[in-house]
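What the coordinates show
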Amino acid sequence: MDETVLWQLARDQGLLPYRSFSRAFHETGKNRGYPGLSISSRQWKRWLRGEVQTAPYPQACDVLEHMFKRPIAELLARRPSSTSDGPPELGRAPRLPVRLLGATVDQPKGMYEMMMDAADQSREAAAEAELELGQAAMEQLEDDVVLLARTYLLRPPMEAFPDLVARRDQVRAMREETRRPDQLSDLYRLESVASILMAEACIDLGQTRHATDHARAAWSAAKNIGHVPLAVWARGMMATSAYWSGQPRDAVTAITRAEQHHPVGIAAARVHSIAARAWSHLGDKDKTVAAIRAAMEARAADRGGDDLQAIGGVFDWDPVREQRCFSSALLQLLQVRGQEFEPAAVRQFTSRILEHTRTALADARALPADQRSLMVEATIGIEMTTAFVILGDLLNARQTMNDVLELPANKRTFPVVHRLKGLHQQLVLTQQTQQAESLNSDVTTFMQASTVRALPPGS
């Protein structure tokens, strides 16, 4: 039986058990400047067995080389065990014949080592059965994940995403260090939260396909522990990702699956709000309006008790984001089917868009400074500007847009740029005056300066 150099060195240093290695690896990583670096038990065993085709990530290579003082290529290389031609190595039994079931056979090469390995694995299994994480570690992880949720809407998504990945990976690594059902349940819950945040970030960065992957992972983790609110939220993220991807029918399917969890109160209000967005992308006026009405009724009937609301931040489905959802749905409906509507109907829809955006913007600006999201306010302002352009009110359109133009480049997310593209198209359709051309020029420059550079599918 061949062994990797890593296996032999880890055995000599007492680091074969995953828990022992994980602690040493994390501590070394922290000292080397990688505080969030961790690996799973499965990956550790693959390294030990040499079952890797390529070298690990550079940070992991650096930590391994620092721990074992050998190059990574040597660590992962296989080294043959002792052969029968020479004297046995110290501490190893010589090759001897052994009688088995009445027949004389040669003792397999490395039998003693195999027995040692089996004993090591039994000791490791016994230790793993009693594994549990300290209360302080669990509390710290909870605080870290909740803080990411509460601050996400305040940060540039490209700045937040690496932190989200590191925290999600830490949650998964810690799952390998406990067998307590209550701790595993908490870790699956935190993994679901982190995955939802990663989906949110991917949408903001225009990577909707990846957002769907993260949202589905969040739904699976939530379903594993029967956490209905998180499962509903994850399905809503899948629907959101779908309509941003230009797949509104997939969005309807996802939100229908969310409804199968029978959400109530604020959770139901969010589901109906997203449904309105999905139906608006399909141009279904009746179902869009019905979904908005259902969302309002669900919020009015809310009796509290949604533990996701307690997390806050991204998970606080407040009236600001709900009103913005309504205005987005109605504006999308006009952009899909506006040519079919009578002028009176267009004015009616546009007035409702202005009503929702004014309410949303007033509520957003009334929040404490440390809770105001410039990205959310910008999306509301763009929709209000677009509504003014539809009405031909370029003076109010310019005044509203001036506030949006203050948004820093690193916060001009995909949803911001997408709405700007809709505003640009509306300005092209309007009567070309000096005011319209000036506003359109500013909008174009603003989009081009976005560090996200996220454009709608097909653009």
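Right, let's walk through the structure included here. (Residues numbered from 1 in each chain as written. Predicted model: local features only at pLDDT ≥ 70, side-chain atom pairs only at ≥ 80, totals over all residues. Heavy atoms only, no water.)

Let's talk about the overall build of the protein chain
Rules: Counting from the N terminus, the helices are DSSP H or I runs at least four residues long and the strands are E runs at least two residues long. Burial classes follow relative accessibility: with a 1.4 Å probe on protein chains only, a residue under 20% of its type's maximum area counts as buried, one over 50% as exposed, and anything between as partly exposed. Residue contacts are counted whenever heavy atoms from the two residues lie within 4.5 Å of one another. The Shrake-Rupley method, run with a 1.4 Å probe sphere, supplies the accessible areas, and residue values consider only the shown protein chains as cover.
From N to C terminus, the protein chain includes 21 helices and four strands. For the protein chain, the proportion of its 459 residues judged to be buried stands at 47%. Pairs at least 24 residues apart make up 69% of the contacts formed inside the protein chain by residues separated by at least 6 positions. In the structure as shown, the protein chain presents an accessible area of about 22600 Å², 51% of it carried by carbon and sulfur atoms.

A word on the side chain of Ser 273
Positionally, Ser 273 belongs in helix H13 (residues 265-281). Overall, Ser 273 belongs to the buried group, its relative accessible area being 0%. Filtering out sequence-adjacent residues up to four positions away, Ser 273 remains in contact with Ala 295, Trp 317, Glu 322, Cys 325 and Phe 326.

Details of helix H8 (residues 157-175)
Definition in use: Multiplying 1.5 Å by the residue count of a helix minus one yields the expected span of that helix.
The terminal C-alpha atoms of H8, which comprises 19 residues, lie 27 Å apart, in line with the 27 Å expected from a rise of 1.5 Å per residue. Turning to H8, its buried residues are Pro 157, Ala 160, Leu 164, Arg 168, Val 171, Ala 173 and Met 174. Residues of H8 that are buried make contact with helix H2 (18-31), helix H7 (135-151), helix H9 (181-204), helix H10 (208-224) and helix H18 (374-391).

Regarding unusual backbone geometry
Positive phi, normally seen in glycine, also occurs at Lys 69, with a value near 60 degrees. Among the secondary structure elements, Lys 69 is positioned in the loop between helix H4 (58-68) and helix H5 (72-75). Residue His 262 is not a glycine yet carries a positive backbone phi of 55 degrees. The class for His 262 is exposed, based on a relative accessible area of 66%.

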